[in-house]
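Each chain, written out:
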Amino acid sequence: MTVTIEEHIWITMSDGVRLGARLWLPDGAQGAPVPAVLEYIPYRKRDGTRGRDEPMHGYFAENGYAAIRVDMRGTGESDGHMADEYLKQEQDDALEVIAWIAAQPWCDGNVGMMGKSWGGFNGLQVAARRPPALKAIITAYSTDNRFTDDIHYMGGLLLNDNLWWGTIMLAYQSRPLDPEIVGEEWRARWIERLEKLPFFPALWLEHQRYDDYWKHGSVCEDWSAIECPVLAVGAWADSYTNAVPRLLENLQVPRRGIIGPWGHVYPQDGAPGPAIGFLQEAVRWWDHWLKGKDRGIMNEPMLRAYINDTVEPNGSRDTTAGRWVGEESWPSKTIKSRSYTLGADHSLGEQATSPVTLKVSSPQSHGKAGGEWMATGCPGEHPTDQRLDDGGAIVFDSAVLDAAVDILGAPVARLKFSVDQPVAQVNLRLSDVLPDGRVTRVSYQVFNLNHRNGHDVPAALVPGEVYEIAIKLNDCGYRFEKGHRIRLSIATGYWPMVWPSPAAVTLSVVAGESALELPIRPADQTEKAVAFEAPAHGPFTPITQLDPGSVRRWTTQDHVTGETTYVTEGIGGLFGEGILRFDDIGTQLSHSLKRELTIRDDDPLSARYVLTQTYEMGREGWMITIDSRTEMRSDATNFYISGTLEAKENGKSVTTRKWDQTIPRDFL
């Protein structure tokens, strides 16, 4: 089918603000209206996501849909100011955009909304606002709870990616409006945007518990608000997976879920593979709910999930062996919990043992084998051999398995414990011990023990007092093969993934009265085959790679001072893509960022995090450079977070911004 692309159109809001959009229309839509699919995100449809947008939205248009990619208020060429993520204004604008789309002569009044990450979040949030024309959504790599499952906090602990992502957002939101779209006013509007630029990482650091700030936009606060069908997508190597089972369990609308082996990449491009024909699945979903055509999508199991076979403990991999399975309902009626006692002899068994207290105080650099919180398809991002970290943990091992054990769902650790400090955290890792001794992390969780009564009501721990707690690890799908062993490791920190507690902690776990529960899926279960078509795409936008760039990761340890430094460096392309030029608009992009996280094993207050970043974009005669540096450290009572940013046009400084904030620690 012939597709017409409109490079830029304006959508005017009721307050006069114009949002920029890019539109793909199938041939004949002006005379025979079609349903529309909306993606609504802040990442610049002109040059930020162009390479990904073209083959995806073009495919939808080839299959009879108007596809429209809208930049949010204050982003790309859109008017206005973006003061923060997921604001009510963002949702309000989306409601107007959907109504505008439904009223266009090329739209038959039926609209679907889809997105990954930010677009997955606001798809759920907008669905909860129930715009009449919104008939269904697809939400990929998103969450129903903005505090527990986003890039800022995990288990009530501060993710170091909060500063990483906030720093990236400083660069993203400092990008100029394109003169070819907005004309001579681009510079004045760009400078205004720079002068209003929020210090994103501090905005999020100011809210260290599940307060009203995070409850806004968390659809788990009212599941009943969503009344349209939902297709939820997650991935085991990604960080946004736990919401898929919760959405399937709690929503009351027609719903389906897919969880694959990928990182934070749409499944048609899924890495590590195998990628799937996700765009065909999306069209089946849209055909059913927007066109009323039965393509069999609702005959699929409620959850289609990939069970990983043995994963080698390497930081880089292109593919993951395994198989697809289907669950007709969720929670599954076939998956049963099996309890393993944490034994005094460091065993993981199904028989009770006498209680014995085991102690651990991990080195502050514990976690070097943890990989990235969010995989994106870059080299070296996956967890490596866990033996590197297991030396600083209490470790419990099962007997050698005499048959394969499949798990699907969330493992749960039930701990009876005490600590010697009023503020403390725990790191839990579920691993596969291979016959040759190598250890692969299967699932994990970090948890702020001060949040034991809820993330909204943190409270001090009483040193020496014994507590009991149940902690869910991340959902996972994995096969422990015959001849392998199952391992649970318990530690008191997880650097460089999360910020450390203010004092070194000794954790005492009562073995014999603590347990691990695994969601066991019968390995011999008879089931309907689950299969997907091979990946398909629409036409790709022409791109020239000007430089391959590089991605490096390394750790060093000073054996005199005891200081460990963890470094990641992307040169040319943040996610390994190198320096690119979009040939049809003549715009080239380069994004370099270096992270340096240092800590001494004996002093959590020595933690320091520095990011340096350069973003370059433009064309001949119009080249923009954005340099930034952010830093964070802490003492026992406060976080200290600072940043500088300089924007240049053709090498000449235009605007410089500086931030320096002190933020009290809140049981963190």
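Residues numbered from 1 in each chain as written. Predicted model: local features only at pLDDT ≥ 70, side-chain atom pairs only at ≥ 80, totals over all residues. Heavy atoms only, no water.

A look at the overall build of the protein chain
A count of helices and strands for the protein chain gives 11 helices and 34 strands. Taking 2.2 N^0.38 as the reference for a compact globule, 668 residues should give roughly 26 Å; the C-alpha atoms of the protein chain span a radius of gyration of 25 Å, in line with that estimate. When its C-alpha atoms are laid out on the principal axes, the protein chain stretches across 75 × 60 × 45 Å. Across the 668 residues that make up the protein chain, the buried fraction comes to 63%. (Helix = DSSP H or I, 4+ residues; strand = E, 2+ residues; numbered from the N terminus. Rg over C-alpha atoms; globule rule 2.2 N^0.38 Å. Buried < 20%, exposed > 50% of the residue type's maximum accessible area, 1.4 Å probe, protein only.)

Topic: the sheet that holds strand β23 (residues 485–491)
Judged by pairing direction, the sheet is antiparallel, and its 4 strands sit side by side in the order β16-β23-β19-β20 without closing on themselves. Edge positions in the open sheet fall to β16 (394–397) and β20 (439–448), since each of these has one partner strand only. Taken over all neighbouring pairs, the strand axes of this sheet differ in orientation by 15° on average, direction set aside. One ladder, built from 9 bridges, connects strand β19 (residues 425–433) with β20; its direction is antiparallel. Looking across to β20, one finds that R429 is bridged to Y444. (Pairing = 2+ DSSP bridges. Axes fitted to C-alpha atoms, helices over the stretch in contact; angles between N-to-C directions.)

Digging into the pairing of strand β24 (residues 507–511)
In summary, the side chains of a regular strand alternate between the two faces of the sheet. The buried fraction of β24 amounts to 5 of the 5 residues, a majority that puts the element mostly inside the structure. Of the two faces of β24, the one holding L507, V509 and A511 and the one holding S508 and V510 are both buried throughout. In this structure, strand β15 (residues 356–360) lies alongside β24, joined through 5 bridges in antiparallel fashion. When the sheet's bridge partners are listed, V356 is paired in β24 with A511. Strand direction decides the pairing type here: strand β18 (residues 412–419) and β24, joined by 3 bridges, are antiparallel. Opposite V419, over in β24, you have L507 as the bridge partner.

Examining the packing of aromatic side chains
Counted by the stated rule, this structure contains 31 aromatic pairs. For the pair F147 and W214, a centre-to-centre distance of 6.1 Å together with 55° between the ring planes defines the contact as tilted. In this pair, F147 is assigned in the loop between β6 (134–140) and β7 (153–154) and W214 in helix α8 (residues 212–215), connecting sequence segments 67 residues apart. Of the two residues, F147 and W214, both sit in the buried class. Summarising the aromatic geometry, the rings of W186 and W622 are spaced 5.8 Å apart at their centres and angled 90° between planes, so their arrangement reads as edge-to-face. (Phe/Tyr/Trp six-rings, centres within 6.5 Å; stacked < 30°, edge-to-face > 60°.)

A short note on the environment of I259
As for its placement among the helices and strands, I259 is situated in strand β10 (residues 255–260). What makes I259 buried here is its relative accessible area of 1%. Separated by 23 residues in sequence, I259 and W236 have C-alpha atoms that sit 7.0 Å apart. Leave out the neighbours within four places in its chain, and I259 touches G234, A235, W236, T241, V244, P245, L303, R304, A305, Y306 and W324. (Contact = heavy atoms within 4.5 Å.)

A short note on unusual backbone geometry
Looking along the chain, the bond that leaves A271 and enters P272 is cis, with omega of -5°. Position of P272 relative to the elements: it lies in the loop between β10 and α10 (278–291). For the peptide bond that leads from G273 to P274, omega is 10°, which places it in the cis range. Considering the arrangement of structural elements, one finds P274 in the loop between β10 and α10. Positive phi, normally seen in glycine, also occurs at S117, with a value near 65°.

Thoughts on the nonpolar core
Judged by nonpolar contacts, the single largest core of 156 residues is most densely connected at F60 and W286. It is helix α4 (residues 161–172) that provides the largest number of residues to this core, a total of 8 residues. When near neighbours in sequence (up to four residues on either side) are disregarded, F60 contacts V37, Y65, A67, M114, L279, A282, V283 and W286. Within the second largest apolar cluster, 40 residues are counted, among which are V405, C476, L488 and L516. (Core = buried A, V, L, I, M, F, W, Y, C linked by side-chain atoms within 4.5 Å.)

Comments concerning α10
The terminal C-alpha atoms of α10, which comprises 14 residues, lie 19 Å apart, in line with the 20 Å expected from a rise of 1.5 Å per residue. Burial within α10 is extensive, with 11 of its 14 residues counted as buried. Within the span of α10, buried status applies to F278, L279, Q280, E281, A282, V283, R284, W285, W286, D287 and L290. Note on α10: the residue one or two positions beyond its end, G292, has a positive phi of about 75°. (Expected span 1.5 Å × (residues − 1).)

Some remarks on the packing of helix α2 (residues 88–102) against helix α3 (residues 118–127)
Where α2 contacts α3, the axes come no closer than 10 Å and their chain directions differ by 75°. By the angle class used here, α2 and α3 are roughly perpendicular. When α2 is examined against α3, the residues E90, Q91, A94, L95 and I98 are found in contact with a partner set consisting of W118, N122, Q125 and V126. When its residues are assigned to classes, the contact of α2 with α3 shows 5 nonpolar, 3 polar and 1 charged. (Parallel < 35°, antiparallel > 145°, perpendicular 65-115°, else oblique. Nonpolar A, V, L, I, M, F, W, Y, C, P; charged D, E, K, R; others polar.)

What about a negative patch on the surface?
Taken together, D212, E221, D222 and D456 make up a surface patch of like negative charges. Inspection of the secondary structure puts D212 in helix α8. Note on D212: relative accessible area 63%, which makes it exposed. (Patch = residues over 30% accessible without salt bridge, like charges linked within 9 Å, V, L, I, M, F, W, Y side chains within 5 Å. Areas by Shrake-Rupley, 256 points an atom, 1.4 Å probe, with all protein chains shown as cover. Salt bridge = Lys/Arg side-chain N within 4 Å of Asp/Glu carboxyl O. Lys, Arg positive; Asp, Glu negative; His and termini not counted. Charge placed at Lys NZ, Arg CZ, Asp CG, Glu CD.)

Observations concerning the pairing of strand β27 (residues 550–557)
Sheet analysis places β27 next to strand β28 (residues 563–571), joined by 8 bridges and oriented antiparallel. Directly across from T555, in β28, lies its bridge partner Y566. Linkage of β27 to β28, two consecutive antiparallel strands, is achieved through a turn of 5 residues, within which G562 is found at a positive phi near 80°.

Here we look at the packing of helix α1 (residues 50–62) against α10
Closest axis-to-axis distance for the α1/α10 pair is 10 Å, and the angle between their directions is 40°. As far as their axial angle goes, α10 and α1 are oblique. Like other packed secondary-structure pairs, α1 and α10 cross with a definite hand, here right-handed. Listed contacts from α10 to P55, M56, Y59 and F60 of α1 are L279, Q280, A282, V283 and W286. When grouped by side-chain class, the residues that make up the contact of α1 with α10 number 8 nonpolar, 1 polar and no charged. (Left-handed = near helix turned anticlockwise from the far one by under 90°.)

A closer look at the pattern of salt bridges
For the structure shown, the criterion picks out 56 salt bridges. R209 serves as the salt-bridge partner of D666, at 2.8 Å between the closest nitrogen and oxygen. Residue D666 is located in the segment after β34 (652–664), and its partner R209 is located in the loop between α7 (200–205) and α8; the two are separated by 457 residues in the primary sequence. Accessibility expressed as a relative area gives 27% for R209, which makes it partly exposed. For D602, the salt bridge is made with R600, and the minimal N-O distance between the two is 3.5 Å. Look at D602 and you get exposed, because its relative accessible area is 59%. Residue R600 is classed as partly exposed on the basis of its relative accessible area, which comes to 29%. Three or more residues joined by partner-sharing salt bridges are found here, namely E7, R22, R46, R50, E54, D178, E180, D584 and R619.

None of the figures reported here should be taken as evidence of function without further support.
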